[in-house]
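Here is how the chains run, residue by residue.
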Amino acid sequence: MSRYEEDMAVTATLAPRLAWFAAVARHEHVTRAAQELGIPQSTLSRAVVRLEEDLGVVLFARKGRTVTLTPSGRTFLASTDRALAEVGRAAESVRADADPATGKVAFGFLHTMGSETVPALIRAFRVDHPGVRFSLVQNYGEAMIERLRAGDLDLCLTSPIPDAPDLVARRLDEQRLRLVVPDDHRLAVRKRIRLAEAAEETFVTLEPGYGLRRITDALCAEAGFRPRVAFEGEEAETLRGLVAAGLGVALLPPPAVPRPGVVELTVTAPRAAREIGVAWLDGHPDTPPVAAFKRFLISRRGRLLPE
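Note that the structure is a prediction, hence the values are computed from the model and not measured.

Trainee: Summarise the nonpolar core; cite the residues concerned and give the values.
Mentor: Ranked by internal contacts, the top residues of the largest apolar core, which has 36 residues, are Phe107, Phe134, Leu155, Leu157, Phe293, Leu297 and Leu304. Among the elements of the structure, strand 3 (104-109), helix 5 (117-125), strand 4 (133-138), helix 6 (141-149), strand 5 (155-158), strand 6 (167-176), strand 13 (273-281) and helix 9 (288-299) are those that each provide at least two residues to this core. Each residue touching leucine 304, except ones within four places of it in the same chain, is listed here: Thr117, Leu121, Leu157, Leu172, Asp173, Ile276 and Leu297.

So, in structure tokens, the structure goes:
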């Protein structure tokens, strides 16, 4: 057995009896402590004796049913009080997070949705749920899925929509992608373009592992070429800045605010779009606020994104 397993075994043995020990120490009387706890006095007496045997230390000096703490007992009580207080705080915290009116939702979303889409969603949700709190995480898709699996997130908005046996995902909307070029580029006079016409261009893209990067690579492959990538970044608006500086072109979703120095072209072929969905861990029970927000997101299907 490893040291960790030994420690967990000791904890599992001692933990259920800590509150009983503290009650006896507080009352200095076994019968009164048993009455407070609602258990038979004999049960409590045996539990305290077993605790002492497990620890190998005498915790109480006894005189009839009256008891007083030994020095070892006082030391153990101080730690027990801290442990019970911490458990109490933890219990209160999880109860507060699960409260239907004031609970918390841990919500992840893509960087490109942080400036406009998510604030608008939360504002609309809180019309009917004004007290619900949010823990917000912006990240790329794969990182959010890992945090979902780790239990750090309740829900996440992501793209592409994941297809995994341990996850549940629902398609909510679709976002058209545009070819973004510098405003002095040869293509800047165009409004529409076939992606194959950009085959000789230098691209700036998100790093490998990002959903939008996978979509970019797939669309370029469908158009018959592999993009020549000069710069890789972590955030779409940074890529727009690189495009504005004349360092390449990019396939990007629409900006929240128009960016000077670039022109955004509609891609007519292949169809350039990404699906946006909400995902959660299969079999993971929802607290009332999480369930309410999940229902709200699904109700926004087809109108998740701002016009």
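So that's the structure; there's more coming.
Trainee: Describe the packing of helix 2 (residues 30-37) against helix 3 (residues 41-55), and please don't skip the residues or the numbers.
Mentor: Any two packed helices are characterised by the angle at which their axes cross and by the distance between the axes. The N-to-C vectors of helix 2 and helix 3 enclose an angle of 110 degrees; their axes lie 9 Å apart at closest approach. On the basis of their axis angle, the class for helix 2 and helix 3 is roughly perpendicular. Read as a crossing pair, helix 2 and helix 3 show a hand that is right-handed. Contact with helix 2, carried on its side by Val30, Thr31, Ala33, Ala34 and Leu37, involves Gln41, Leu44 and Ser45 of helix 3 and no other residues of that element. Considered class by class, the residues forming the contact of helix 2 with helix 3 number five nonpolar, three polar and no charged.

Trainee: I'd like to hear about the sheet that holds strand 11 (residues 250-252), residue by residue, with values.
Mentor: In spatial order, the strands read 8-12-7-11; together these four strands make up an open sheet with mixed pairing. Looking at strand neighbours, the two that pair on one side only are strand 8 (192-194) and strand 11, the edges of this open sheet. When the angles between neighbouring strand axes are averaged without regard to direction, this sheet yields 45 degrees. Across five bridges, the pairing between strand 7 (residues 178-182) and strand 12 (residues 262-269) is antiparallel. Looking across to strand 12, one finds that valine 180 is bridged to glutamate 264.

Trainee: An account of the pairing of strand 13 is needed here, citing residue identities and associated values.
Mentor: Burial analysis of strand 13 places eight of its nine residues in the buried class, the great majority of the element. Looking at chain direction, strand 5 and strand 13 are connected through three bridges and run antiparallel. Within strand 13, the position partnered with leucine 157 by the bridge is valine 278. One ladder, built from nine bridges, connects strand 6 with strand 13; its direction is antiparallel. What sits directly across from arginine 170, in strand 13, is valine 278.

Cut-offs used in this document
Residues numbered from 1 in each chain as written. Predicted model: local features only at pLDDT ≥ 70, side-chain atom pairs only at ≥ 80, totals over all residues. Heavy atoms only, no water. Core = buried A, V, L, I, M, F, W, Y, C linked by side-chain atoms within 4.5 Å. Buried < 20%, exposed > 50% of the residue type's maximum accessible area, 1.4 Å probe, protein only. Helix = DSSP H or I, 4+ residues; strand = E, 2+ residues; numbered from the N terminus. Contact = heavy atoms within 4.5 Å. Axes fitted to C-alpha atoms, helices over the stretch in contact; angles between N-to-C directions. Parallel < 35°, antiparallel > 145°, perpendicular 65-115°, else oblique. Left-handed = near helix turned anticlockwise from the far one by under 90°. Nonpolar A, V, L, I, M, F, W, Y, C, P; charged D, E, K, R; others polar. Pairing = 2+ DSSP bridges.

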